[in-house]
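Residues per chain are reported as follows:
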Amino acid sequence: MKKWLTGCIEAHPACRRNLAGEILETGIEPLLPKRVIDVGPNDGSELLRLLETDGKRSNFVALSHRWGSPEKIPLRTTIESLPSHLKRLDPTQMSRTYLDAIAVTRAVGERYLWIDSLCIIQDDTQDWEIEAEHMGNVYEDALFTIAASTKFAGSDDGLFFDFEIDYPKVDIPYFNSNGKEEGIFTVLGRSRDLMQTPVSSALSKRGWATQEWILSRRMVHYMDDTFLWACSGMQKSAQNHVGVAMALDEFVGGAWQDIIEKYTARQFTHEKDRLAALLGLANRFKATMRDDRYHYGMWQEDLIQELAWERAEDGMARNVSLPHVPSWSWASRVGHIKSVKGPSNPGERASNLGEWEPVCVLLKVDDCGTLQLQGRIRLLKECGFLKFGRSNQDQSVGPVASDQFDQFRTGPRSWELGLRPGGFQFLFPLSLKDVYRLESDSGVVIGCVILDFPYEPLAEYYFVLLARKVNSGWTDLKPKGAPESDGRLCKVLVVVQHSLSRSGVYERVGMATLSDHLLPSIWRDCTQEFCLR
């Protein structure tokens, strides 16, 4: 592994750049994090201890790991234990993973190691918040990151296993054209490490690992039967299988909304960490978007588009651990979401099939997270011809034969829109509950509504027009006599009056997709200013 590290440092310029494109490793060593573990020399002749760095510069290594079950919490630094940890860290109290990470750090000739549970004072709220905000710098500045990417979740599992090279083989006799046996072909089966990747590990399901994996410029994944090296210039395994580390980072090259979509599918021991576990990454993104502002997991420049997230699984609930987070943020919910994709390049007008163009205007974001918007908002019951129809759990709602319509997919686990004799038909995500048809009095299906929570018959639902699909091809598909104006697929935010606020303040309860071909007047004369909280 030391050979790979040296080769990367010498031959991979891209691995010396951070997310913002700044060049690192220019001969000036990075500032150390506030605290690191001083592992001492390779021979172990000095005591392990926690070091407060006071602006010291040096290379260091970081660890990405899972703490494991609450019954086996690894050694932590607390207000009480800090003085003793600064003098000595007792190896007998440390988990096997920590000891193995120390051994790796020593083996490559480095002296400093950063581990979150020991380098952050866990019961000091102020220290924890400051260090969480700086965590992006830790993983970007680290010489490399050690990832405990085993199948299991505990910090006691360690990094090192018996790496058996066990290739199953079959001997096949070879016969020439005369039918005479001339030799044997030996066919080797695939190595087990070809069947395993870090994205199948327990660590990859951890929410905190998201920013650790994205920001780390070099990673060494220790798995059950091999270890893998991954950087932008090289991917190798202990058994010299180039390409074994395929899909090491499912986030590489992803836009912010792609990251959030995958991030919300990951697990959190404490749901209050949903924003904190992304703060380091958000701060590094700010370096690439210097004029943008970050609000509760979303960026102001693309906020209208980012509001159009949808529930991607059942069981979504309010995140009671973050009561201050406004309802329009995905962080106000516990559950996996999917995003609506917009223009390919930030700041450019959407122009391709399948892209969405915002039509609502953001006027202001106040310090409490209330959005002041200008756009089209309509009370559902004011559209007398429009109503909630049967849900997708109703067996009478079935798929339409694929040869009866032209399909437009908006993403996995979503619906398809088709043109059939008599109008438009939607296919519903049958894997989700609380998904409803939006239909006219005559029963024509006009849209699909995915509510965050179960439908409440007495609630007054409002629709806010967020975005329309650009160049969706309706010119060729429109029924005869359909209006030339509008006539697009629309993304609509479903809201209700905020229970604790004045009139004109709403909260999010779901998303809808509809076609306004059959509703030429639905958005007429309803533009106004309103607030979303």
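The following refers to the structure shown. All figures in this text were calculated on a predicted structure; none of them were measured in a lab.

Some details on the overall build of the protein chain
Next, step 1: Looking only at helices and strands, the protein chain has 12 helices and 28 strands in total.
Next, step 2: A burial count over the protein chain gives 52% of its 533 residues as buried.
Next, step 3: Intrachain contacts of the protein chain at a sequence separation of at least 6 include 67% that bridge at least 24 residues.
Next, step 4: Entry remark: accessible area of the protein chain is about 25,000 Å², with carbon and sulfur atoms responsible for 49%.

Observations concerning empty space enclosed by the protein
Next, step 1: According to the stated counting rule, one finds four cavities of 30 Å³ or more in the structure shown.
Next, step 2: Lining the largest cavity are 13 residues; nearest its centre among them are Gln257, Ile260, Glu306, Trp330 and Ser339.
Next, step 3: Only helix H9 (256–263) and helix H11 (303–306) provide two or more residues apiece to the lining of the largest cavity.
Next, step 4: Element by element, the count of residues in the lining of the largest cavity is highest for H9, at three residues.
Next, step 5: Broken down by class, the residue content of the lining of the largest cavity amounts to eight nonpolar, four polar and one charged.

A few points about the pairing of strand S19 (residues 371–379)
Next, step 1: Of the strand pairs in this sheet, strand S18 (residues 361–365) and S19 are connected by four bridges, and their pairing is antiparallel. Its bridge partner being in S19, Lys364 is matched across the sheet by Gln372.
Next, step 2: Connecting S18 to the antiparallel partner S19 that follows it, the hairpin turn spans five residues, and Gly369 within it adopts a positive phi of roughly 90°.
Next, step 3: Across six bridges, the pairing between S19 and strand S28 (residues 527–532) is antiparallel. Directly across from Gln374, in S28, lies its bridge partner Glu529.
Next, step 4: In this structure, S19 lies alongside strand S25 (residues 462–469), joined through three bridges in antiparallel fashion.

Considerations on the sheet that holds strand S5 (residues 144–148)
Next, step 1: Taken in spatial order, the eight strands line up as S2-S1-S4-S3-S5-S8-S9-S10 in an open sheet, and their pairing is mixed. Single-partner strands in this sheet number two, and they are strand S2 (49–52) and strand S10 (234–237). Taking each pair of neighbouring strands and ignoring which way they run, the sheet shows an average axis angle of 25°.
Next, step 2: In terms of strand pairing, strand S3 (residues 61–64) meets S5 through four bridges, oriented parallel.

Here we look at helix H3 (residues 96–107)
Next, step 1: The terminal C-alpha atoms of H3, which comprises 12 residues, lie 16 Å apart, in line with the 16 Å expected from a rise of 1.5 Å per residue.
Next, step 2: Residues of H3 that are buried include every one of Thr97, Tyr98, Asp100, Ala101, Ile102, Val104, Thr105 and Arg106, and no others.
Next, step 3: Check the buried side of H3 and you find it contacts S3, strand S4 (112–114), helix H4 (116–119), S5 and strand S8 (218–222).
Next, step 4: Once H3 ends, the next one or two residues include Gly109, with phi positive near 85°.

A few points about the side chain of Asp38
Next, step 1: Note on placement: Asp38 falls in strand S1 (residues 35–38).
Next, step 2: Among the polar contacts listed, one links the side chain of Asp38 to the backbone nitrogen of Gly40, at a separation of 3.0 Å.

Focus: helix H10 (residues 273–286)
Next, step 1: Over its 14 residues, H10 extends 20 Å from the first C-alpha to the last, a length consistent with the 20 Å expected when each residue adds 1.5 Å.
Next, step 2: Taken across its 14 residues, H10 has 12 buried, putting it largely inside the fold.
Next, step 3: Listed as buried for H10 are Asp273, Arg274, Leu275, Ala276, Ala277, Leu278, Gly280, Leu281, Ala282, Asn283, Arg284 and Phe285.

What counts as what
Residues numbered from 1 in each chain as written. Predicted model: local features only at pLDDT ≥ 70, side-chain atom pairs only at ≥ 80, totals over all residues. Heavy atoms only, no water. Helix = DSSP H or I, 4+ residues; strand = E, 2+ residues; numbered from the N terminus. Buried < 20%, exposed > 50% of the residue type's maximum accessible area, 1.4 Å probe, protein only. Contact = heavy atoms within 4.5 Å. Areas by Shrake-Rupley, 256 points an atom, 1.4 Å probe, with all protein chains shown as cover. 1 Å grid on protein atoms, 1.4 Å probe; cavity = no way out; pocket = protein on both sides within 12 Å on 5 of 7 lines; lining within 4 Å. Points joined across faces, edges and corners; volume = space filled by probe spheres on them. Nonpolar A, V, L, I, M, F, W, Y, C, P; charged D, E, K, R; others polar. Pairing = 2+ DSSP bridges. Axes fitted to C-alpha atoms, helices over the stretch in contact; angles between N-to-C directions. Expected span 1.5 Å × (residues − 1). Polar contact = N/O pair within 3.5 Å; in protein donor to acceptor, adjacent residues only side chain to side chain.

All we've got here are geometric facts, nothing functional implied.
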